[in-house]
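# Fold and geometry: a report
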Amino acid sequence: MTSVAIDDDLLTAEATADPYPPFARLRDQDPVRWSARHRAWLLTRYDDVSAAFQNKALSNDRVRPLLAARRQRGEPPREASAADRVLELIGEWMVVSDPPAHTRLRRLAAGAFKGQRISAMGEQIAALVDELVEAFTGGDLISEIAYPLPATVIATMLGAPVADRDRFREWSDELALVAFGTGGDARAERHERALRGLREMDAYFRELIALRRREPAEDMLTALMAADGDSAAGDRLSDDELVSMCALLLFAGHETTTNSIANATLALLRHPDQLARLRADPELIAPAVEELLRFDGPIKVLNRWVVAETEIRGRRISPGERVHLVLASANRDPEKFADPDTLDLARRPNPQIAFGKGIHACIGAQLARMETRIAVARIVERLPGLTLAAEPRWKPSLASRSLEELRVEVVR
Amino acid sequence: MRIGVDPDVCEAHGQCSVVDLDLFPLDDDGYSAVGPDREVPPGEEEAARIGVDACPVRALRVLAG
């Protein structure tokens, strides 16, 4: 295989600060690239990433094989027991499943995410956003607004008491730590603490589920318990699956939404003309959020396992290899978007793929859209004197596009 | 109210299905299986409109109602 001499390290300081120039080089020079550095294929063009979502040789089933391999190797039994329980929990997630397991989980979850239910959340989300924005006097917009909002929304949707909101945030961080293996120096200790936290979460969700079985309510958890009306046997989620689903909603809906709001706000602060445009025309918020998700969305890379031989753009991809779908690069592909590096809040059509595509399209996309639209609209409207107070730094993560902080000044 | 999809325009984004999988079913490859002309059950008009609006390439349309 000929290898083009370009730097494909997506975790250098430069690539972390601004990944779009290296993405552009990969797209131009080697769009289906075997990266020894990342031990994965990097797909960077829109068409290839788009097709990959439909390619049945590329599997989502990434956790169960890992779990099986651990068992086969007979990893240390004491440490493994706690970790295995969490891996089992994660292994049930529909985001790491293929059909038919995925189809079933997705059908059962879909009822709880229906458009009408999400729309009905609008007022509550607006009230939560108003509370956070009104209290904000400057400082880190992430820790004060973008970070607390999604965990609170999920806790509210699941019908958890308001007093338990903070625990949801902690569990979300712990899930990220275990699922992504982030944590840096104090890794072993933090990992152990995270596992303890997640056992608590497991017990908490079990209690909440038992309560809702006794006393159904108008919340998402009750909706998740309902049987699939289309299946003859009245198929429904088991308690284990419900716990797993609750954890997934929290994990998948928290950090991503935080980053959507933060990245959108930063992009607007860096493009004062577009910020002024949105201020002058608040009706623009829906296409604006699509464009902000395209321009600097929360997820850079999604993973797939290769389970059958396949060919992409003439490159042979073999079972056992990994493929990285570089969403953030696809969303800047000039073959698909005119002037892709220009932020144009009125861009239409805007087939951005920040939420993925097809049967794996983010089930929480409508909820995330609504949270981001309401949060960005309120930040723009209520904080007219918003300016950057410090040059923000990005976290060195391959998967997510995530700011350390977003320090701003507010002049009311 | 009736809705329909133009299969030549659909790019399998699946954003309609995220709004309501019953109103906007997908085929195995993620393309809309709504068909050219489908009746929306009474009471689900709002979800149908949100789903049609969610299509990033405007492959879905409200046909009448």
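This text goes with the structure placed above it.
The structure reproduced in this document is the subject of the present report. (Residues numbered from 1 in each chain as written. Chains lettered and ligands numbered in written order. Predicted model: local features only at pLDDT ≥ 70, side-chain atom pairs only at ≥ 80, totals over all residues. Heavy atoms only, no water.)

## Topic: the state of the cysteines
All names here are of chain B. Under the definition given, this model contains 0 disulfides over all chains. In this structure Cys 10 is not part of a disulfide, and its nearest cysteine sulfur, from Cys 55, lies 6.7 Å away. With no disulfide of its own, Cys 16 has Cys 55 as its nearest cysteine by sulfur position, at a separation of 6.7 Å. Its relative accessible area of 7% is what places Cys 16 among the buried residues. (Disulfide = S-S within 2.5 Å. Buried < 20%, exposed > 50% of the residue type's maximum accessible area, 1.4 Å probe, protein only.)

## Some details on the sheet that holds strand S3 (residues 60-64) of chain B
Residues and elements named next belong to chain B. Strand order in the open sheet made by the 3 strands is S2-S1-S3, with antiparallel pairing throughout. Looking at the sheet topology across the chains shown, the edges are occupied by strand S2 (38-39) and S3. Relative to S2, strand S1 (residues 2-5) is paired through 2 bridges, and the arrangement is antiparallel. Looking across to S2, one finds that Arg 2 is bridged to Glu 39. With respect to the sheet, helix H2 (residues 45-54) is in contact with S1 and S3, its orientation differing from that of S3 by roughly 140 degrees. (Pairing = 2+ DSSP bridges. Helix = DSSP H or I, 4+ residues; strand = E, 2+ residues; numbered from the N terminus. Contact = heavy atoms within 4.5 Å. Axes fitted to C-alpha atoms, helices over the stretch in contact; angles between N-to-C directions.)

## Some words on the layout of surface pockets
Here the second largest pocket is characterised by a volume of approximately 710 Å³. Ala 286, Glu 290 and Arg 373 of chain A together with Asp 53 and Ala 54 of chain B are, among the 27 residues lining the second largest pocket, the residues nearest its centre. Where the lining of the second largest pocket is concerned, the elements lending two or more residues are helix H7 (115-120), helix H16 (285-296) and helix H18 (365-382) of chain A together with H2 of chain B. Residue classes in the lining of the second largest pocket are distributed as 12 nonpolar, 8 polar and 7 charged. (1 Å grid on protein atoms, 1.4 Å probe; cavity = no way out; pocket = protein on both sides within 12 Å on 5 of 7 lines; lining within 4 Å. Points joined across faces, edges and corners; volume = space filled by probe spheres on them. Nonpolar A, V, L, I, M, F, W, Y, C, P; charged D, E, K, R; others polar.)

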